[in-house]
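# Coordinate inspection notes
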Amino acid sequence: MNFLETVMDKWKIFVEKATPVLESVKQVCKDVGAVFCKIGKYIYKMRKIFLAVPVAWAAISLAIYNEASLPPVVGLDLQINGDFGLQIIRELAVLGPVVITAVCLLLMFASRRLLTPWLVSVFTLLLPLFIRLINTFPS
């Protein structure tokens, strides 16, 4: 018996012993893949909720921060001379952007296409930042 035949015989024995193990590994991989597929389908079906929750949280967080940092009377229309053309109470300046964001999220839930209303709701998060910026640096 030469060296090549000895190696081939040992390889056949290894393959015979490894086949049941490889079959069980294959079945485990198939089961794990099925679980990930189900998780992916669940995430895809619930994608509107997964997109809306961070936006709603950010809107509420910005509202809480603006409630604490804005003055009692908030100016919105900054004129050239440094005065405000429109002044509203703080509660309206805080709740206005939250309501606009909530309406955008409701439109997202009602729409068949969700990306455009979601992007609009993300851009509405800039409103509290602009209100705070205008009232922090009025001139």
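A short tour of the structure in this document, coming up. (Residues numbered from 1 in each chain as written. Predicted model: local features only at pLDDT ≥ 70, side-chain atom pairs only at ≥ 80, totals over all residues. Heavy atoms only, no water.)

Before going further, it helps to spend a moment on a nonpolar patch on the surface. There is a patch of nonpolar side chains on the surface, built from Val28, Val32, Val35, Phe36, Ile39, Tyr42, Ile43 and Phe50 and spanning about 790 Å² of accessible area. Relative to the elements of secondary structure, Val28 occurs in helix 1 (residues 3-45). (Patch = residues over 30% accessible without salt bridge, like charges linked within 9 Å, V, L, I, M, F, W, Y side chains within 5 Å. Areas by Shrake-Rupley, 256 points an atom, 1.4 Å probe, with all protein chains shown as cover. Salt bridge = Lys/Arg side-chain N within 4 Å of Asp/Glu carboxyl O. Helix = DSSP H or I, 4+ residues; strand = E, 2+ residues; numbered from the N terminus.)

With that settled, the discussion passes to the environment of Phe123. The topology assignment puts Phe123 in helix 4 (residues 115-123). Among the residues examined, Phe123 registers a relative accessible area of 58% and is labelled exposed. For the pair formed by Phe123 and Ala68, sequence separation is 55 residues and the distance between their alpha carbons is 22 Å. (Buried < 20%, exposed > 50% of the residue type's maximum accessible area, 1.4 Å probe, protein only.)

For the rest of this paragraph, the subject is helix 5 (residues 126-136). Listing the buried residues of helix 5 in full gives Pro128, Ile131, Arg132 and Asn135. In a view along the axis of helix 5, the buried residues occupy a sector of 95°, so they form one face of it. On its buried face, helix 5 is in contact with helix 2 (47-69), strand 1 (73-75) and helix 3 (90-110). (Arc of directions from axis to C-beta. Contact = heavy atoms within 4.5 Å.)

Within this structure, the stated rule accounts for one aromatic pair. Plain terms: the ring middles of Trp11 and Phe14 are 5.5 Å apart, the flat faces sit at 35° to each other, and that makes the pair tilted. One end of the pair, Trp11, and the other, Phe14, are both in helix 1, three residues apart, so they sit about a helical turn from each other. Lying across the ring of Tyr44, Arg47 places its NZ or CZ 4.2 Å from the centre. (Phe/Tyr/Trp six-rings, centres within 6.5 Å; stacked < 30°, edge-to-face > 60°. Lys NZ or Arg CZ within 6 Å of the ring centre and 35° of its normal.)

One side chain can pair with another of opposite charge once the charged atoms of both are near each other. With the rule as written, the count across this model stands at one salt bridge. Between Arg90 and Glu67 there is a salt bridge, and its shortest N-O distance comes to 3.6 Å. Of this pair, Arg90 sits in helix 3 while Glu67 is found in helix 2, placing the two residues 23 residues apart along the sequence.

Attention now moves to the packing of helix 2 against helix 4. Close contact between helix 2 and helix 4 brings their axes to 10 Å; oriented N to C, the two are set at 15°. Compared by their axis directions, helix 2 and helix 4 come out roughly parallel. For helix 2 against helix 4, the interelement crossing comes out left-handed. The residues of helix 4 that touch helix 2, namely those facing Leu51, Ala52 and Val55, are Trp118, Ser121 and Val122. Grouping the amino acids of the contact of helix 2 with helix 4 by side-chain chemistry returns five nonpolar, one polar and no charged. (Axes fitted to C-alpha atoms, helices over the stretch in contact; angles between N-to-C directions. Parallel < 35°, antiparallel > 145°, perpendicular 65-115°, else oblique. Left-handed = near helix turned anticlockwise from the far one by under 90°. Nonpolar A, V, L, I, M, F, W, Y, C, P; charged D, E, K, R; others polar.)

Grouped together as the largest cluster of nonpolar side chains are ten residues: Ala52, Val55, Ala58, Ala59, Leu62, Leu105, Met108, Leu114, Trp118 and Leu125. Breaking this core down by element, the ones donating at least two residues are helix 2 and helix 3. In terms of residues, this core owes the most to one element, helix 2, which gives five residues. Look past the residues within four positions of Val55 in its chain and what remains in contact with it is Thr101, Leu105, Trp118, Ser121, Val122 and Leu125. (Core = buried A, V, L, I, M, F, W, Y, C linked by side-chain atoms within 4.5 Å.)

In short, geometric facts, not functional conclusions.
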